[in-house]
Structure formats: structure tokens, C-alpha cells
Amino acid sequence: MATPNGKRANSFIRFENITKTFREGDQERVVLQGVNAEIARGEFVAIVGRSGSGKSTLLNLLAGLDTPTRGDIFIGDLNIAKLNDNDRTLFRRKHIGFVFQFFNLIPTLTVRENILMTAELAGWKESDAHAQANRLLDAVGLRERVNVFPDKLSGGEQQRVAIARALCADAELILADEPTGNLDAETGAHILKLLTTLAREKNKTLVMVTHSSEIAEQADRVLRMEDGKLTRPETGGLETGERRLETGD
Ligand SMILES: Nc1ncnc2c1ncn2[C@@H]1O[C@H](COP(=O)(O)OP(=O)(O)OP(=O)(O)O)[C@@H](O)[C@H]1O
Ligand SMILES: [Mg+2]
């Protein structure tokens, strides 16, 4: 249902004609070329597509970690593409939990400190932040490793810290870039359940990049990145063919 300004009634995120160009020397590489999509509050959307198709680039733009070359990104009523760096950072700290494809843990902080960081940056009271961090350490099975530094952790353990960190500030929008890519099947299934249960129970919006067809199956909707555009953005449900995703690149 469209409102007078063209926005769908239940739309929470809206990409409008997003273009992203990277400059490499005197060459320009167009990575995103006219991305349009809407995501509803509380929706779990999986983004799939070939390696190098622009999935992480789009997620970074949605997280406010980078700005589009052209186009608008609305989260609620706010156009984050038009915010200055400082306001974008403040917005991100309060509203977005991000699981990076390559973790990006802070090497000089312990496991606990890495996880606490997001709650602290979002302005949580220290005792609340610690209680929340402890809950998440249990949920991702890392209570024994709280005082260890990231370089002593396996890839899967680092990924679990990255997931706990993304959830610690209780952000309404969770963005996850291949969050189970480095985990064994059982741990991956456990972590996915943690993310999806939390999203459903607390009506959080979850946008997840994945190469896994099993994960995409569980999403409310799958968007495919192809030639710098998201396809099937507005159809709601999936067509039968889309459910049988190929995982290979
Ligand atoms: N900062 C940058 N400068 C130049 N090119 C970049 C930059 N970031 C990304 N690219 C290019 O943009 C394209 C898309 O990259 P992106 O990381 O978004 O792909 P992806 O879909 O996430 O791939 P993967 O599945 O391998 O993670 C790639 O060709 C990449 O080389
Ligand atoms: Mg990527």
C-alpha cells in the first residue's frame, strides 16, 4: 500500500536508485547500478549473489559505513545517505548491529571488551552492558574465553564474538555478512537460530548476506544481487525456482 510520498505503509528500509562507483587509479568501477528495494520492519531478508556482485558493498552502505555515489537510503524516515559522517556514526551506534564478513574484531581488546563495546558506544549503563554481554557470551558459547584476545581465537570463535558484539546494543536493525561462513554446520545452525529467534521475538529487522541455500530458505524473502542490481525486490514471497539457490560461484 503506497502512502502519498510513494512509501509503502510498512516499509522500514528503502533503497532508491543506489549507485556505487569505486575509483581505481584513473579507472571507475561501477559496483552498484540502480539498486531499488524495500524491506519491512521485522522482516528477515537474505541477499544472495555471486562473489564480487556487490553484496558487502550494499550492506556497508545500509550500515552507514560508506556513502552511495548517488541515491537515497531511508531507514525509517531518515535518509542516511544524506547525513554527515558524524551523524551517520551516531545513528549507526544506536540503531545498527553489524556482523562483518571478516569479523573486524579490535585486536587490543579482549573478547568481553569487544562485545561490550557496542553497548558502551550506544550509551548503555555499565551494569546493563555487562549483563547483556554475559547473556550473549553464554548464547554463543564463549563464556570460558572472555579474557582472551582475538588473535588466540579460531576463525569460528572470532565469528561468534562478532555476532555477540553485533547483538549487544540490542539494535533494531541487524546486518550480517556471511555470519555462518566460518562455522561448522552445527554451530552455524545454532548461531542462525539465535539470530532469527531474536529477530522474530523482538521484531528486529535482519538483513543477511549468505551463500547458503539452507539459510536463504529460512528467510522471509530472498533478494539476488546481479549486475549491480537487486532482482525480484518487490514480489514478496519466492518463486519456486528462487528457493533452489545455487551456492557455487
Ligand atoms: N573500496 C573498494 N575499492 C575498489 N573496488 C572495490 C572496493 N570495495 C569493493 N570493491 C569491488 O566491488 C566489487 C563488489 O565487492 P563486494 O565486496 O561488495 O562483493 P561481494 O558480493 O560481497 O562478494 P563476496 O561474495 O566475495 O564477499 C568487487 O569487484 C570489489 O573488488
Ligand atoms: Mg562480501
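Residues numbered from 1 in each chain as written. Chains lettered and ligands numbered in written order. Predicted model: local features only at pLDDT ≥ 70, side-chain atom pairs only at ≥ 80, totals over all residues. Heavy atoms only, no water.

1. Overview of the overall build of the protein chain
Assigned secondary structure in the protein chain consists of 8 helices and 10 strands. Intrachain contacts of the protein chain at a sequence separation of at least 6 include 69% that bridge at least 24 residues. For the protein chain, the exposed area adds up to about 12,200 Å²; of that, 47% sits on carbon and sulfur atoms. (Helix = DSSP H or I, 4+ residues; strand = E, 2+ residues; numbered from the N terminus. Contact = heavy atoms within 4.5 Å. Areas by Shrake-Rupley, 256 points an atom, 1.4 Å probe, with all protein chains shown as cover.)

2. Some details on the coordination of the magnesium ion (ligand 2)
Each protein donor to the magnesium ion (ligand 2) is listed here as Ser56 (OG) and Gln101 (OE1); together their distances run 2.0 to 2.3 Å. Pair noted here: Ser56 is in helix 1 (residues 55-62) and Gln101 is in the loop between strand 6 (96-99) and helix 3 (111-121), with a separation of 45 residues, a long-range link. (Donors = N, O, S within 2.8 Å, 3.2 Å for Na, K, Ca; no water.)

3. Describing helix 1
Among the 8 residues that make up helix 1, 6 are buried, leaving the element largely enclosed by the rest of the structure. Inspection of helix 1 places Lys55, Thr57, Leu58, Leu59, Leu61 and Leu62 among the buried residues, and these make up the whole buried set. Phi turns positive, to about 75°, at Gly64, one or two residues after helix 1. (Buried < 20%, exposed > 50% of the residue type's maximum accessible area, 1.4 Å probe, protein only.)

4. A closer look at the sheet that holds strand 7 (residues 173-177)
The strand order across the open sheet built from 6 strands is 6-7-8-3-9-10, with neighbouring strands paired in mixed fashion. Taken across any chain shown, the strands that pair with only one partner, and hence form the sheet edges, are strand 6 and strand 10 (229-231). Taken over all neighbouring pairs, the strand axes of this sheet differ in orientation by 20° on average, direction set aside. In this sheet, strand 8 (residues 205-209) lies alongside strand 7 in parallel orientation, the contact comprising 5 bridges. The residue bridging Leu175 from the neighbouring strand is Val207, located in strand 8. Running over the sheet, helix 1 touches strand 3 (44-49), strand 6, strand 7, strand 8, strand 9 (221-226) and strand 10 and is turned about 155° from strand 7. Each of strand 3, strand 7 and strand 8 is contacted by helix 6 (residues 185-201), which is oriented at about 150° to strand 8, the strand it contacts most. (Pairing = 2+ DSSP bridges. Axes fitted to C-alpha atoms, helices over the stretch in contact; angles between N-to-C directions.)

5. Observations regarding the side chain of Asn114
Mapped onto the elements of the fold, Asn114 is located in helix 3. A polar contact is formed between the side chain of Asn114 and the backbone nitrogen of Ile106, at a distance of 2.8 Å. Apart from the residues lying within four places of it in its own chain, the contact partners of Asn114 are Leu105, Ile106, Leu109, Pro150, Val161 and Arg165. (Polar contact = N/O pair within 3.5 Å; in protein donor to acceptor, adjacent residues only side chain to side chain.)

6. Points about the site of ligand 1
Around ligand 1 lies a shell of 14 residues, among which Ser51, Gly52, Lys55, Ser56 and Thr57 are the nearest. A distance of 2.6 Å is found between an oxygen atom of ligand 1 and a side-chain nitrogen or oxygen belonging to Thr57. His211 has a polar side-chain atom sitting 3.1 Å from an oxygen atom of ligand 1. Taking 640 Å² as the accessible area of ligand 1 by itself, protein coverage stands at 67%. Sort the elements by how many residues they give to the shell around ligand 1 and helix 1 lands first, with 3 residues. Of the residues contributing to the shell around ligand 1, the split by class is 2 nonpolar, 8 polar and 4 charged. (Near = heavy atom within 4 Å. Nonpolar A, V, L, I, M, F, W, Y, C, P; charged D, E, K, R; others polar.)

7. Considerations on the nonpolar core
Judged by nonpolar contacts, the single largest core of 41 residues is most densely connected at Ile115, Val161, Leu167, Leu195, Leu206 and Met208. Put simply, the parts of the chain that give this core at least two residues each are strand 3, helix 3, helix 4 (126-139), helix 5 (155-168), strand 7, helix 6, strand 8 and helix 7 (213-218). For this core, the element with the highest residue contribution is helix 5, accounting for 7 residues. With near-sequence residues (within four places) excluded, Leu206 lies in contact with Glu43, Phe44, Val45, Ile174, Leu195, Thr196 and Ala199. (Core = buried A, V, L, I, M, F, W, Y, C linked by side-chain atoms within 4.5 Å.)

8. Section: the sheet that holds strand 5 (residues 78-79)
Picture the strands of a sheet paired through backbone hydrogen bonds; they go either parallel or antiparallel. The strand order across the open sheet formed by 4 strands is 2-1-4-5, and the pairing between neighbours is antiparallel. Only two strands of the sheet have a single partner each, and these edge strands are strand 2 (27-40) and strand 5. Along the sheet, helix 1 contacts strand 1 (11-24), strand 2 and strand 4 (70-75); its crossing angle with strand 1, the most-contacted strand, is approximately 120°.

9. Examining the packing of aromatic side chains
Tallying each qualifying case throughout the model produces 1 aromatic pair. Where Phe98 meets Phe100, the ring centres are 4.5 Å apart and the plane angle is 50°; that geometry is what we call tilted. Looking at Arg41, its charged tip hangs above the ring of Phe12, at a distance of 4.1 Å from the centre. (Phe/Tyr/Trp six-rings, centres within 6.5 Å; stacked < 30°, edge-to-face > 60°. Lys NZ or Arg CZ within 6 Å of the ring centre and 35° of its normal.)

10. Details of the pattern of salt bridges
By the definition in use, this model includes 14 salt bridges. Note that Asp66 and Lys20 form a salt bridge whose closest N and O atoms lie 3.3 Å from each other. You can see Asp66 sitting in the loop between helix 1 and strand 4 and its partner Lys20 sitting in strand 1, a full 46 residues away along the chain. Under the relative-accessibility criterion, Lys20 is labelled buried at 8%. Taking the shortest distance from any N to any O, the salt bridge between Lys82 and Asp72 comes out at 2.8 Å. Taken together, the residues Lys82 in the loop between strand 5 and helix 2 (85-95) and Asp72 in strand 4 connect sequence positions 10 residues apart. Accessibility expressed as a relative area gives 58% for Lys82, which makes it exposed. (Salt bridge = Lys/Arg side-chain N within 4 Å of Asp/Glu carboxyl O.)

In short, the description is geometric, and any link to function would need to be established separately.
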